[in-house]
Amino acid sequence: MARETLKHQAYKIIKENIINCEYAPETVISEEYIQNEISVSRTPIRDALSRLEQEGLVKILPKKGIYIPSITIDEINMLYEARYLIEPHAVAHYGNKIANDSYLQYYRQYDACLAQPCITNYSFEEMDDNFHSMFINASENSYFMNLYATIESQIRRTRVLTGKEQKGRLKTTIEEHMEIVKAALKGNWADAADAMQIHLAKSKDIMFDYILKHTAGR
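Thresholds, definitions, all that
Residues numbered from 1 in each chain as written. Predicted model: local features only at pLDDT ≥ 70, side-chain atom pairs only at ≥ 80, totals over all residues. Heavy atoms only, no water. Salt bridge = Lys/Arg side-chain N within 4 Å of Asp/Glu carboxyl O. Helix = DSSP H or I, 4+ residues; strand = E, 2+ residues; numbered from the N terminus. Buried < 20%, exposed > 50% of the residue type's maximum accessible area, 1.4 Å probe, protein only. Core = buried A, V, L, I, M, F, W, Y, C linked by side-chain atoms within 4.5 Å. Contact = heavy atoms within 4.5 Å. Polar contact = N/O pair within 3.5 Å; in protein donor to acceptor, adjacent residues only side chain to side chain.

1. Description of the pattern of salt bridges
Here comes step 1: In this structure the tally under the stated criterion is 10 salt bridges.
Here comes step 2: Its salt-bridge partner being R42, residue E31 comes within 3.5 Å of it at the nearest N-O pair. Of this pair, E31 sits in helix α2 (residues 31–38) while R42 is found in helix α3 (residues 42–54), placing the two residues 11 residues apart along the sequence.
Here comes step 3: What makes E31 buried here is its relative accessible area of 18%.
Here comes step 4: E31 is the partner of R46 in a salt bridge, and the nearest nitrogen-oxygen pair spans 3.0 Å. Separated by 15 residues along the polypeptide, R46 in helix α3 and E31 in helix α2 bring together distant segments of the chain.
Here comes step 5: Looking at R46, the relative accessible area reads 45%, which means it is partly exposed.

2. With respect to the nonpolar core
Here comes step 1: Residues I76, Y103, Y110, F131, M134, F135 and M196 are the most contacted members of the largest nonpolar core, which totals 41 residues.
Here comes step 2: The element best represented in this core is helix α10 (residues 189–215), accounting for 10 residues.
Here comes step 3: Apart from the residues lying within four places of it in its own chain, the contact partners of F135 are A90, V91, Y94, G95, I98, Y103, I180 and M196.
Here comes step 4: Counting residues in hydrophobic clusters, the runner-up holds 17 residues, among them Y23, V40, A48 and L57.

3. What about the environment of H132?
Here comes step 1: On the secondary structure map, H132 appears in helix α6 (residues 124–139).
Here comes step 2: Residue contacts for H132: discarding those within four places in its chain leaves R83, E87, Y148, H177, M196, H199 and L200.
Here comes step 3: At 3.4 Å, the side chain of H132 and the side chain of H177 are in polar contact.
Here comes step 4: For H132, the side chain forms a polar contact with the side chain of H199, separated by 3.3 Å.

Right, here's the structure in full:
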């Protein structure tokens with residue numbers, strides 16, 4: 001049990017460091033570095049790294065170290081292809097399983113955020129992640145939920161990488177969410193799904209702009 005706990009702790013810490021870019025993209029770090037940093041023995045670290053490699057968050061380079069990959073255009077295309085297929089579908093087919101009170105709560109939160117002279121109390125972690133996950137979880141489809149859990153790490157990582165760009169469109173992001181919520185409250189599920197598709201497309205544009213900007217001239 002203790003061993004499983006150590007494996008889970010190592011996995012969680014390393015994963016969060018990658019997502020939050022504490023381990024910068026396109027760098028190589030050693031097992032020893034990770035071991036010294038998080039004070040966990042080598043075996044749990046290797047187990048954690050093996051799992052993270054399966055999720056595409058690291059690449060183990062024999063005799064060289066642990067490579068932290070950058071997010072490429074191909075990966076963004078794959079990430080958003082999956083999101084386009086799953087999220088609007090979940091809204092259209094399972095949004096009606098979510099109580100109106102939940103939608104009303106989001107509407108009030110978004111409305112309060114937009115009423116502020118400077119939007120500072122909008123939390124991507126608490127509101128954006130939970131909002132998107134709400135529709136996936138409503139499906140009660142374990143395949144959808146497992147797939148979304150896999151890509152959610154990259155979603156969060158792209159958000160960290162595009163932090164300044166994302167902050168610049170907070171108001172727009174909230175307004176896009178409100179369009180989804182309003183359509184849901186009206187029971188217009190096709191409109192709600194379309195609004196989700198539009199929101200995802202704009203999010204993808206932000207990520208593409210970031211990648212093109214930071215790869216220009218390479």
